[in-house]
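The lines below spell out each chain.
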Amino acid sequence: MYRFLLTRQWVILTLVTLALIPTMIRLGYWQLHRHEHKVALNTVISDSLAAEPVPAESLTAPGQRIKHDDLYRRVTAKGHFDTAHEEVVRRRTNSDGAVGYHVLTPFVLDDGRVLIVNRGWIPANGAQTAFPKIPAPAKGEITVTGRLMADETTADSGIKNVQGLPDRQVMLISSEQQAQRLGKQVLGGYIEQTAPEPKGDSPELIPDPEHSDIGPHMAYAIQWWLFSAGVPVGWVILVRRERRDRAEAATAEATPETAAAAV
């Protein structure tokens, strides 16, 4: 009755079905883990933005990686900007999706160490090979406030660290690379400046990260699990349909023979 399951076509279909079920279950758990990561990150961002600012030196040091719980933490630093060693980060967008640069300016602390400050976004106002015109920051000793960020990597950002770029242009923000370039002690990570606000609103300050949206990952996880449950159901339906079709075909073949025998 079910001997057709031993045919090559049905053996392959059954094996594919058996492979799809655990694969879809794993994909569901992968999406669940992404959901949990997003929720946890949103909590870290929310808590960090709500906390009172602390000195940057209390959360980072030269060569130190930023702890996950300190991401987006509001910090302050006292010193002055070193615009002579300013760089820009290529292919960055603002809140409207326009492509331009992020402005990286070394901020020299009172003790001589350096904190890398992302002062915000500027439009691409010239040739890609030329260093763009950048509005100057406040002069003299000031106090800056910003969100503490971890060094960028290709693995985390998906941005390829292209080499051979024009002078004073980079693809990723790395305190280690900045330390090598400047020949100074550079605090690990960097900050996205939030205060003081620039004159003329340029560079555009980077807005607070979105931390209320949990994304579609939980819905995707449920979908994958429903698919994994639907695969064996679909297989059973196909088997029963095949059995019925074969039975009907056998009956149709037997009917003429029976009629001929009766004559």
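Refer to the structure above for everything that follows.
Scope of this entry: the structure provided in the associated data block. (Residues numbered from 1 in each chain as written. Predicted model: local features only at pLDDT ≥ 70, side-chain atom pairs only at ≥ 80, totals over all residues. Heavy atoms only, no water.)

## So, the side chain of Glu86
In this fold, Glu86 is placed in the loop between strand E2 (74–81) and strand E3 (87–93). Side-chain polar atoms of Glu86 contact the side chain of Arg119, separated by 2.7 Å. (Helix = DSSP H or I, 4+ residues; strand = E, 2+ residues; numbered from the N terminus. Polar contact = N/O pair within 3.5 Å; in protein donor to acceptor, adjacent residues only side chain to side chain.)

## Concerning unusual backbone geometry
Keep in mind that most residues, glycine aside, have a negative phi and that most peptide bonds are trans. Here the residue pair Ala195 and Pro196 is connected by a cis peptide bond, since its omega of 0° sits within 30 degrees of zero. With respect to the helices and strands, the residue Pro196 is situated in the loop between strand E8 (190–195) and helix H4 (217–262). The peptide bond linking Ser202 to Pro203 adopts the cis configuration, its omega dihedral lying at 0°. Residue placement: Pro203 occurs in the loop between E8 and H4. A positive phi is found at Tyr72, a non-glycine position, where the angle reads about 70°. Residue position: Tyr72 is located in the loop between strand E1 (54–55) and E2.

## A closer look at the layout of surface pockets
Roughly 1,300 Å³ of internal volume is contained in the largest pocket. Residue lining of the largest pocket: 42 residues in total, with Met149, Ala150, Asp151, Glu152 and Asp156 positioned closest to the centre. Tallied by class, the residues present in the lining of the largest pocket amount to 17 nonpolar, 14 polar and 11 charged. Approximately 210 Å³ is the volume attributed to the second largest pocket. Taken together, 14 residues line the second largest pocket, and the ones lying closest to its centre are Glu87, Gln163, Gln169, Val170 and Gln177. Looking at the lining of the second largest pocket, the elements that each hand over two or more residues are strand E7 (169–170) and helix H3 (175–182). When residues in the lining of the second largest pocket are grouped by element, the largest group, 3 residues, is from H3. Looking at the lining of the second largest pocket residue by residue, the classes come out as 5 nonpolar, 6 polar and 3 charged. (1 Å grid on protein atoms, 1.4 Å probe; cavity = no way out; pocket = protein on both sides within 12 Å on 5 of 7 lines; lining within 4 Å. Points joined across faces, edges and corners; volume = space filled by probe spheres on them. Nonpolar A, V, L, I, M, F, W, Y, C, P; charged D, E, K, R; others polar.)

## What about the packing of aromatic side chains?
What the rule picks out here adds up to 5 aromatic pairs. Ring plane angle 70° and centroid distance 5.5 Å describe the contact between Phe4 and Trp10, whose orientation is recorded as edge-to-face. Residue class for Phe4 comes out buried when judged on its relative accessible area of 4%. Since its relative accessible area comes to 5%, Trp10 is described here as buried. Arranged with centres 5.2 Å apart and planes meeting at 65°, the rings of Tyr29 and Trp225 form a pair that is edge-to-face. Note that Tyr29 is positioned in helix H1 (residues 8–50) and Trp225 in helix H4, a separation of 196 residues in sequence. Judged by its relative accessible area of 44%, Tyr29 falls in the partly exposed class. According to the relative accessible area criterion, Trp225 is partly exposed, its value standing at 27%. Each member of the aromatic cluster is reached from another via a ring pair, and the members are Tyr2, Phe4 and Trp10. (Phe/Tyr/Trp six-rings, centres within 6.5 Å; stacked < 30°, edge-to-face > 60°. Buried < 20%, exposed > 50% of the residue type's maximum accessible area, 1.4 Å probe, protein only.)

## Thoughts on the nonpolar core
Counting residues in each nonpolar core, the largest one holds 33 residues, and the members touching the most others are Val75, Phe107, Leu115, Ile116, Val144 and Ile191. Broken down by secondary-structure element, the contributors of at least two residues to this core are H1, E2, strand E4 (99–109), strand E5 (114–123), strand E6 (142–149) and E8. Excluding anything up to four places from it in sequence, Ile191 contacts Val75, Leu115, Ile116, Val117, Asn118, Val144, Thr145, Gly146, Arg147 and Leu148. Val88, Val103, Ile122 and Ile134 belong to the second largest nonpolar core, which has 5 residues in total. (Core = buried A, V, L, I, M, F, W, Y, C linked by side-chain atoms within 4.5 Å. Contact = heavy atoms within 4.5 Å.)

## Comments concerning the pattern of salt bridges
Going through the model one piece at a time under the given rule, you end up with 9 salt bridges. Between Glu87 and Arg181 there is a salt bridge; the shortest N-O distance is 3.2 Å. With Glu87 in strand E3 and Arg181 in helix H3, this pair connects stretches of sequence that are 94 residues apart. By relative accessible area, which is 33% here, Arg181 ends up partly exposed. Residue Asp111 pairs with Arg113 through a salt bridge whose shortest N-O separation is 2.9 Å. (Salt bridge = Lys/Arg side-chain N within 4 Å of Asp/Glu carboxyl O.)

## Considerations on a nonpolar patch on the surface
A surface patch of nonpolar side chains, amounting to about 270 Å² of accessible area, comprises Val11, Leu15 and Leu18. For Val11, the position within the fold is in helix H1. Owing to a relative accessible area of 33%, Val11 belongs among the partly exposed residues under this scheme. (Patch = residues over 30% accessible without salt bridge, like charges linked within 9 Å, V, L, I, M, F, W, Y side chains within 5 Å. Areas by Shrake-Rupley, 256 points an atom, 1.4 Å probe, with all protein chains shown as cover.)

## What to know about the environment of Glu197
Position of Glu197 relative to the elements: it lies in the loop between E8 and H4. For the pair Glu197 and Arg246, spaced 49 residues apart in sequence, the C-alpha to C-alpha distance is 77 Å.

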